[in-house]
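One-letter residues, chain by chain:
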Amino acid sequence: MAKASQPCFIVGNWKMYKTIEQATEFIEKIIPLAANSSNTVMIAAPYTAIAPLAKKTEGTKVVIGAQNMNDASEGAFTGEVAAVMLQEAGAQFVILGHSERRLYFHESDEFINKKIKRALICNLRPILCIGETFEEHQQEQAKAKVKEQLEKCLAELDKSACQQLMVSYEPRWAIGTGLAATPKIVQEMTSYCRELLAEMFGEKEAKKVALLYGGSVNPDNAETFLQVPGVNGLLIGAASLDPDSFAKIIEIPQNVQKQVV
Ligand code: PGA
């Protein structure tokens, strides 16, 4: 029996780059390419660009989301943004727990857990980022680290959340360094994550969680990562900023014919 082809998520994380004008120019180039792609193309835009991009991509195959949010429904939290505001602006997903948030803004697993719960209430699809530091990698602590992060960040979630949840394995040493993980590491770590998810939510539900890899993905190595069994997509920083390099990545899996594992 032929296996069903698996949806593949190509997520661009623009970080603190692109004005509304630059974002609009980019998206106009990507919309027609996404229309012909078998992948789900997602852009995590800066807050200011979310509403204009969501409007521009209405009825297209490009999905717009955010890079962070606060866990509270509303309140006196100067400078913060609530999930309901993102939703109103047209965001459909949100990256949570990115290593830059953990490193520069001291976000804890407990805080990220609250944000994930809030995102789910507001129908925003959470992309939880997890991954070890270089020291932890050297000391063979990577698995212990992602176990701790997954258990704390996903604590008290109902198994029905698996349908919405996306988890991106992003070793901190591979982010923005040009030093991507190897396919072997990605396979080992993502299948370990799947095992942990199965322990937490049951095997059937764990299969519904989309597992991504992120960290120095570029047009030259993207295909190799997409071919790793059990990997459902990529989270791309630097290479998502240039429409030509991003285009090369969203076009790849049309030929890869990845199968459900
Ligand atoms: P990078 O960023 O592709 O520039 O390494 C990845 C990320 O931040 O998720």
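Below you will find a few notes about this structure. These numbers were taken from a predicted model, which means no experiment stands behind them.

Observations concerning the packing of aromatic side chains
Logical step 1: This model, assessed by the stated rule, comprises four aromatic pairs.
Logical step 2: Connected via pairs of aromatic rings, a cluster forms that spans Trp14, Phe26 and Phe246.
Logical step 3: The residue whose ring lies beneath Lys18 is Trp14, and the NZ or CZ to ring-centre distance is 5.3 Å.
Logical step 4: The ring centre of Tyr192 lies 5.2 Å from the NZ or CZ of Lys143, which sits over that ring.

A few points about the site of the ligand
Logical step 1: Surrounding the ligand, one finds 13 residues, the nearest of these being Lys15, His98, Glu170, Gly176 and Ser216.
Logical step 2: With respect to the ligand, the backbone of Ser216 contributes an N or O atom lying 2.8 Å from an oxygen atom.
Logical step 3: In the complex, the protein chains occlude 97% of the 280 Å² of accessible area that the ligand would expose alone.
Logical step 4: Taken together, the residues of the shell around the ligand break down into five nonpolar, six polar and two charged.

Here's the deal with the side chain of Glu170
Logical step 1: Along the chain, Glu170 falls in the loop between strand S6 (166-169) and helix H8 (183-201).
Logical step 2: Here Glu170 is buried and forms no salt bridge, its nearest opposite-charge partner Lys15 lying at an N-O distance of 6.9 Å.
Logical step 3: The residues touching Glu170, leaving out its near neighbours within four places in the chain, are His98, Cys129, Ile130, Gly131, Ile175, Gly214, Gly215 and Leu235.

Regarding the side chain of His98
Logical step 1: Relative to the helices and strands, His98 is located in the loop between strand S4 (93-96) and helix H4 (99-104).
Logical step 2: Contact partners of His98, with chain neighbours within four places excluded, come to Asn13, Lys15, Cys129, Glu170 and Ile175.

Describing the sheet that holds strand S7 (residues 210-214)
Logical step 1: Reading around the circumference, S1-S2-S3-S4-S5-S6-S7-S8 is the order of the eight strands in this closed barrel, with parallel pairing throughout. Adjacent strand axes in the sheet meet at a mean angle of 25°, parallel and antiparallel pairs treated alike.
Logical step 2: As paired elements, strand S2 (residues 40-44) and strand S3 (residues 62-66) share four bridges and run parallel to each other. Of the residues in S3, the one forming a bridge with Val41 is Val62.
Logical step 3: Running at roughly 150° to strand S5 (residues 125-130), helix H7 (residues 142-153) makes contact with S5 and S6 of the sheet.
Logical step 4: Strands in contact with H8 are S5, S6 and S7; relative to S7, the strand with the most contacts, it is inclined by about 150°.

Here's the deal with the environment of Gly12
Logical step 1: Among the structural elements, Gly12 can be located in strand S1 (residues 9-13).
Logical step 2: Take Gly12: its relative accessible area is 0%, and that puts it in the buried class.
Logical step 3: Not counting residues within four places of it along the chain, the set of residues in contact with Gly12 comprises Met42, Ile43, Ala44, Ile236, Ser240 and Phe246.

Rules used in this analysis
- Residues numbered from 1 in each chain as written.
- Predicted model: local features only at pLDDT ≥ 70, side-chain atom pairs only at ≥ 80, totals over all residues.
- Heavy atoms only, no water.
- Phe/Tyr/Trp six-rings, centres within 6.5 Å; stacked < 30°, edge-to-face > 60°.
- Lys NZ or Arg CZ within 6 Å of the ring centre and 35° of its normal.
- Near = heavy atom within 4 Å.
- Polar contact = N/O pair within 3.5 Å; in protein donor to acceptor, adjacent residues only side chain to side chain.
- Areas by Shrake-Rupley, 256 points an atom, 1.4 Å probe, with all protein chains shown as cover.
- Nonpolar A, V, L, I, M, F, W, Y, C, P; charged D, E, K, R; others polar.
- Helix = DSSP H or I, 4+ residues; strand = E, 2+ residues; numbered from the N terminus.
- Buried < 20%, exposed > 50% of the residue type's maximum accessible area, 1.4 Å probe, protein only.
- Lys, Arg positive; Asp, Glu negative; His and termini not counted.
- Salt bridge = Lys/Arg side-chain N within 4 Å of Asp/Glu carboxyl O.
- Contact = heavy atoms within 4.5 Å.
- Pairing = 2+ DSSP bridges.
- Axes fitted to C-alpha atoms, helices over the stretch in contact; angles between N-to-C directions.

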